[in-house]
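# Structural description and commentary
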Amino acid sequence: MLPRLVLPPLAEARRFALIVALTALAYALAGWVSLLLATYVVGVVAAVWLAAGIGAMASLRYGLAGVTGVLLGCFAVYSRILPADVAIRLAIGAAASSAIVGYLPRYLQPFSYTLESVPSVAKFALVAVPLGSGVSALFGVFNLNAAGLLADAEVFQGMWVWWLGDVLGMFLIAPVLLTASRWDLLPTSKAARVEGLVLILSMLLLTYAMLSNLHPLRPSEVVLFVLVPGVLWAALRFSVTGAGLAIFLSALIVLGVAVVSSGGAISSTSPRELFALQISMVAMALAGLFVSAALAERRHSEMRLDMLANHDPLTGLPNRSYFQDFLGHALARAERDKSQVSLLFIDLDRFKHINDSQGHEIGDQVLCVVGSRLDEQLRADDFVARLGGDEFAIVLTHPPASRAASRVVRKLLKALAEPFKLEHRRYAIGASIGISVYPDDGLDANTLLRQADLAMYQAKQRRSGFEYFCDELNTVAQQQLSLENGLRQALDHGELALAYQPKLDLASGRVVGLEVLARWLPRSGGMIDPSRFIPVAEETGLILPLGRWVARAACEQWILWRNAGLNPPPVAINLSPRQFSDEHLIDDIDAILADTGMAAENLQLEVTESAAMENPLRTFDMLDALRQRGFHVYIDDFGTGHSNLAQLKRMPIDALKIDKSFIDDVLVDSDGAEIVNAIIRLSHALNIRVVAEGVETVEQLAFLKKQGCEEIQGYVVAKPLPPTKVAALFDQQFDF
């Protein structure tokens, strides 16, 4: 069975035919001009074969279509002056030449057909062009000789002229056409235009002066003394495109000089003069191409360095440094124009969970998606930057108006909330946005950024999406800063103490555990409530040294009780989400146990349900490591963290602690009572103990005991007590 012939789509076929036709037409016109200007063997071998430049460009840009156009165009040129069989062989040679120039650089990567790098120019000018021109010269000269149109004595000279003619044609025409797409790089300022005009006039005037005062004038002298400096000037000042145009203009000038001074390069022209002209023009073209390419590389390097210095390499957005400069200029313009500037500070929600659970590669892709969406939603004169991590900032300039940024912010939040797919998984991410306004909230960039940051934290805490800055946020921020500084001093100056709340076993009526609670007792007197300083410690990272201090102090106190002949129950320390995600947690606990002599079975660890469920895979690894060391692990505040029951079943834990909010309602709300009963049954089904927190009345205790709850803690047993007072409860028998 014959294979089925697959035809190209109609649009592709039309494009192919159009390229072939245009290339053939351009090649034929350039060939006719070359034959008209100058010939060595009359009507056949041109000293500058401009058509070769058309062929090189077409083959490099359009591949097979360009080569086909060269074949047809070359046949059209030669068929007018040569027999058809000779013309077709010459056309085949020209097509082979253009194919070599077009395809060889593709195998010598890296290569840019816009010739904006020294390696690309070298591969084009020193490899592809000489080889392609050599093939064309061999085909042409030997076919002319075989047809009796070129004498044996002229073969060697014909080879040189043909080869150099093709080389020159490619050097003069191809760079101009190949870099046409980069004409936007040419300077467009008035000064640059004047400079370009001065360059052209200088070349023409100097050439005219040489024609007028030097007799006889060799065209090669014009090239060396006038045109080479002009081409180098253009290469230095006007990029690769400017150099290509200067080389082409210089070729027109020197060919004009040849026509004016000696009537053209005809068969009576001395071969030495002809070769000198060709070699000088080749040197001029090479000098211009290499100098312009070297300078283009330098400009690209400078642009790349500038890009790296002012833009985020991941998202491509401006970075913090660029943002600071832009915001400063925007505020200066707003002051002059009496306009407003709204600064939006954006922090992503749930990004840390994606980054930790899916890896940094997915996290980076998420940041790219976010950056792209922010950029797409903004106007052309708005400014968006990535400040670092998952933080972005936007600068909006607008006429004075109240809450003018609200509409834009709602649009941004809607766009960011749209789910997206990465590597066959769908993700959804939100954001919290804080807004500060110039001049209402601040007059300088740093103040506005700080105010927007405060507003963002307010939006994150309230889960409101976005918030505008208000003066109350400054007051709260000052209070938090005061607490942070005070807590640092408290850690250094011994202003912290421990209190212990007993956990009671309902079956035996004995104290079976002590929950350790940190207390801050400033030297100025009074006590700072944990609900005030624990969130600050968590936010600032002070929770890590605070947690280490609590663990060490609790272990040391337990050893003191034991050494005093008492029978202390295990002590339980709370691990905050930040502590639980700390990679040094286990090492720190191991070091504390080793230093104090505390046994692992006498230290219980309580992890909040939300912290445990934030990254289940890491939680499993952490809990396994803790259990292998002999620690007992409790899930604290159960019922508030949306546990996945399948994951909960697999977790190596010892007990669940029912959150106080559920215990408060067991006697007045049937739904609350049923929830507590369900948690107790779930714990029993999983073969783990259940502890009720915040039990304050005997009635609550009776209800829990009836439902099968094993342990309780709360004011019905005892309030948190200092070490001296809680020791009295170790051997006490409670009877409820």
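Attention in this report is confined to the structure presented alongside it. (Residues numbered from 1 in each chain as written. Predicted model: local features only at pLDDT ≥ 70, side-chain atom pairs only at ≥ 80, totals over all residues. Heavy atoms only, no water.)

## Focus: the packing of aromatic side chains
- The tally for this structure, following the rule as stated, stands at ten aromatic pairs.
- Centroid distance W520 to F533: 5.7 Å. Interplanar angle 90°. Geometry classified as edge-to-face. With W520 in strand β11 (residues 510-520) and F533 in helix α16 (residues 530-540), the pair connects residues that are 13 residues apart, well separated along the chain.
- Relative accessible area serves as the criterion here: at 3%, W520 is assigned to the buried category.
- Take F533: its relative accessible area is 0%, and that puts it in the buried class. (Phe/Tyr/Trp six-rings, centres within 6.5 Å; stacked < 30°, edge-to-face > 60°. Helix = DSSP H or I, 4+ residues; strand = E, 2+ residues; numbered from the N terminus. Buried < 20%, exposed > 50% of the residue type's maximum accessible area, 1.4 Å probe, protein only.)

## A few points about helix α17 (residues 543-563)
- End to end, α17 covers 30 Å across 21 residues, agreeing with the expected 30 Å (1.5 Å per residue, within 8%).
- Of the positions making up α17, those classed as buried are I543, L546, G547, V550, A551, A553, A554, C555, Q557, W558, I559 and W561.
- Just past α17, the residue G565 takes up positive phi, approximately 90°. (Expected span 1.5 Å × (residues − 1).)

## Considering the nonpolar core
- Within the largest apolar cluster, 83 residues are counted, with the highest numbers of intra-cluster contacts made by V571, L603, I653, V676, L704 and I712.
- Tallying contributions element by element places α17 first for this core, with ten residues.
- In terms of nonpolar packing, the next biggest core, distinct from the first, is built from 61 residues, L35, Y78, A87 and V141 among them. (Core = buried A, V, L, I, M, F, W, Y, C linked by side-chain atoms within 4.5 Å.)

## A few points about the pattern of salt bridges
- All told, the structure shown has 20 salt bridges when counted by the stated rule.
- In this structure, the salt-bridge partner of R89 is D85, at a minimum N-O distance of 3.8 Å. On the criterion of helical spacing, the pair formed by R89 and D85 is a turn pair, its members being four residues apart in helix α4 (residues 84-103).
- The class of D85 is partly exposed, set by a relative accessible area of 42%.
- D505 serves as the salt-bridge partner of R689, at 3.0 Å between the closest nitrogen and oxygen. With R689 in strand β16 (residues 689-692) and D505 in strand β10 (residues 496-505), this residue pair connects regions lying 184 residues apart in the sequence.
- Taken together, the shared-partner salt bridges connect K503, E515, E606, K657 and E693 into one network. (Salt bridge = Lys/Arg side-chain N within 4 Å of Asp/Glu carboxyl O.)

## Observations concerning the sheet that holds strand β14 (residues 632-638)
- Pairing is mixed around the closed barrel formed by eight strands, whose spatial order is β10-β11-β12-β13-β14-β15-β16-β17.
- As defined by bridge partners, strand β13 (residues 603-608) adjoins β14 across five bridges and the pair is classed as parallel. Looking across to β14, one finds that E606 is bridged to Y634.
- Here α17 sits on the sheet and contacts β10, β11, β12 (571-575) and β13; the angle it forms with β10, its principal contact strand, is near 65°. (Pairing = 2+ DSSP bridges. Contact = heavy atoms within 4.5 Å. Axes fitted to C-alpha atoms, helices over the stretch in contact; angles between N-to-C directions.)

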